[in-house]
Structure formats: structure tokens, C-alpha cells
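A structural walkthrough
Here is what each chain is made of, one letter per residue.
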Amino acid sequence: MKNIKKIISVVMACLILAGVFATSSFAAGYIGKDKAKEIALNHAGITADKASFMKCEFDYDDGIAVYDVEFYFDRCEYNYEINAKNGKILKVEKDTFGVDVPAPGQEYISKAEAKAIAFKHAGVKEADAKRVKVTFDFDDGVAEYEVEFHADKFDYDYEIDAVSGKILKVEKDRDFDVTDMVFVRWFDAIASFIRNLFK
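Anyway, here's the lowdown on the structure attached to this text. From a predicted model like this one, the values you see are computed outputs, not experimental measurements.

The rules behind each value
- Residues numbered from 1 in each chain as written.
- Predicted model: local features only at pLDDT ≥ 70, side-chain atom pairs only at ≥ 80, totals over all residues.
- Heavy atoms only, no water.
- Helix = DSSP H or I, 4+ residues; strand = E, 2+ residues; numbered from the N terminus.
- Contact = heavy atoms within 4.5 Å.
- Salt bridge = Lys/Arg side-chain N within 4 Å of Asp/Glu carboxyl O.
- Buried < 20%, exposed > 50% of the residue type's maximum accessible area, 1.4 Å probe, protein only.
- Pairing = 2+ DSSP bridges.
- Axes fitted to C-alpha atoms, helices over the stretch in contact; angles between N-to-C directions.
- Core = buried A, V, L, I, M, F, W, Y, C linked by side-chain atoms within 4.5 Å.

Some thoughts on the environment of K133
For K133, the position within the fold is in strand β5 (residues 130–139). On a C-alpha basis, the gap between K133 and E146 in space is 7.9 Å, while along the polypeptide they are 13 residues apart. Sequence-distant contacts of K133, defined by excluding residues within four places in its chain, comprise E146, V147 and E148.

Structural notes on the pattern of salt bridges
The tally for this structure, following the rule as stated, stands at six salt bridges. A salt bridge links D34 to K37; the shortest N-O distance between them is 4.0 Å. Highlighted residues: D34 and K37, both in helix α2 (residues 33–44), separated by three residues, approximately one helical turn. Given a relative accessible area of 61%, D34 falls into the exposed group.

A look at the sheet that holds β5
The antiparallel open sheet is built from four strands, whose spatial order is β5-β6-β7-β8. Lying at the two open borders of the sheet, with one neighbouring strand each, are β5 and β8 (167–174). Within this sheet the neighbouring strands show an average axis-to-axis angle of 15°, counted without direction. Summarising the sheet, strand β6 (residues 142–151) and strand β7 (residues 154–161) pair through eight bridges and their orientation is antiparallel. Directly across from F149, in β7, lies its bridge partner Y156. Where helix α3 (residues 111–122) meets the sheet, its contacts fall on β5, β6, β7 and β8, and the angle it forms with β6 comes to roughly 55°.

Focus: the nonpolar core
F136, Y145, V147 and F149 are the most contacted members of the largest nonpolar core, which totals 21 residues. Every element with two or more residues in this core is listed here: α3, β5, β6 and β7. Ranked by residue count, the leading element in this core is β6, at five residues. Ignoring any residue separated from it by four or fewer positions in sequence, one finds F149 in contact with A118, F119, A122, V124, A129, K130, R131, V132, F154, D155, Y156 and Y158. Grouped together as the second largest cluster of nonpolar side chains are 17 residues, Y30, I46, F71 and Y80 included.

Let's talk about the environment of K153
Positionally, K153 belongs in the loop between β6 and β7. Look past the residues within four positions of K153 in its chain and what remains in contact with it is D173, R174 and D175.

Digging into the sheet that holds strand β1 (residues 52–61)
Read from one edge of the open sheet, four strands run β1-β2-β3-β4, paired in antiparallel fashion. This sheet does not close on itself; its edge strands, each paired only once, are β1 and β4 (89–96). Across this sheet, the average inter-strand angle for adjacent strands is 15°, counted without regard to direction. The pairing of β1 with strand β2 (residues 64–73) spans eight bridges and is classified as antiparallel. Note on β2: the bridge partner recorded for K55 is E70. Relative to the sheet, α2 contacts β1, β2, β3 (76–83) and β4, its axis offset from that of β2 by approximately 55°.

Next comes the structure, spelled out in C-alpha cells:
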């Protein structure tokens, strides 16, 4: 029994170390979000104070680490994909809207109101919700709030019109139980195999 515990401890320690190395290597050698945003703005010829609703996210595209930079200026949406290591611009998209992009806070419902709409529709009390996240965004030129939260073993994802408060999209997904995870089944199989070796 002691041998089994030792082997399981060693396996878990290896998994933890692998996670630590993966995390440390993640940050190593990347230009950073601020630099990626600067590269995109310089290419577009726009200063940071004139860009609206700017966001930058780290991602992988065909195995290449990239920053996805998105912002709005003068009736246009700009999307950049920038190599996270060397800063090279890999892709640029520019879409024009028929109307000016409004300034933040103008004619919009608040984040609190967007949350309240989502909670009411879901039949969930805010006090019972976990991992609550509210983000403002544009989707095809429409200003909207994305409200995400977890409650009673379900993940909720709402898209709400930021002007009218109308619910545009709802997704409700049940959490996977830990026992359903492939990794856990694989680990159980390995543990059973090791136990059989010491019988």
C-alpha cells in the first residue's frame, strides 16, 4: 500500500512540475500585450486615445503564438493578428460600419443592468452565481454586453443589446463531472495497473 502511495505521489509531482514549466515558458520570450497594441495602432496610424473599446488577447493560430488586437475608430473595426514572439503583423482586417461607433457610456444600459437582465432570464440570484464576467463589445457593429456566470452546475452565456437590453443570444451548458474527464479515466487505469503489479 505504501508503494502505491509513493508511486501516485511521484506521478502527481511530475504533473505539477510540468504545469509549472508550462506556465513559466508561457511568459518567456513574448512581446507582451502593450507592445502588440502599440504595433497595431502604429500600423493603422491611430493614437491610443482615439481608439475605442480596444482589447488584446493571447491565442494560438496553427501552432503559432499570437496576439489578437481589436479596436474601433471612425466607423471602422480593426482586427490585427500579431506574432507574439517577433511582433510581425500576420493578418489585418478592417470593416466599415454605416454609422459612427458611439463613445462608451452614451445611450447604453449599464453593466449592472445587463447582469440583472441575464440573472432574471436565467432565474438565478446574483448571490448564487460564481465566476461572473461582464464585457462590452461590438458584434457586426451592434453594441452588446456579454454576461457569463456559473450557477447550480451550469455555465450561462448571454449576449445582450447594450442599447435596448434585448437578449440576443443565450447558451446554457452543464458542467462536466470530474469523473467524466478522459484524464481521470486514464489516471484510474494507470493506478489500477500499478496496484495489480504489487498484488
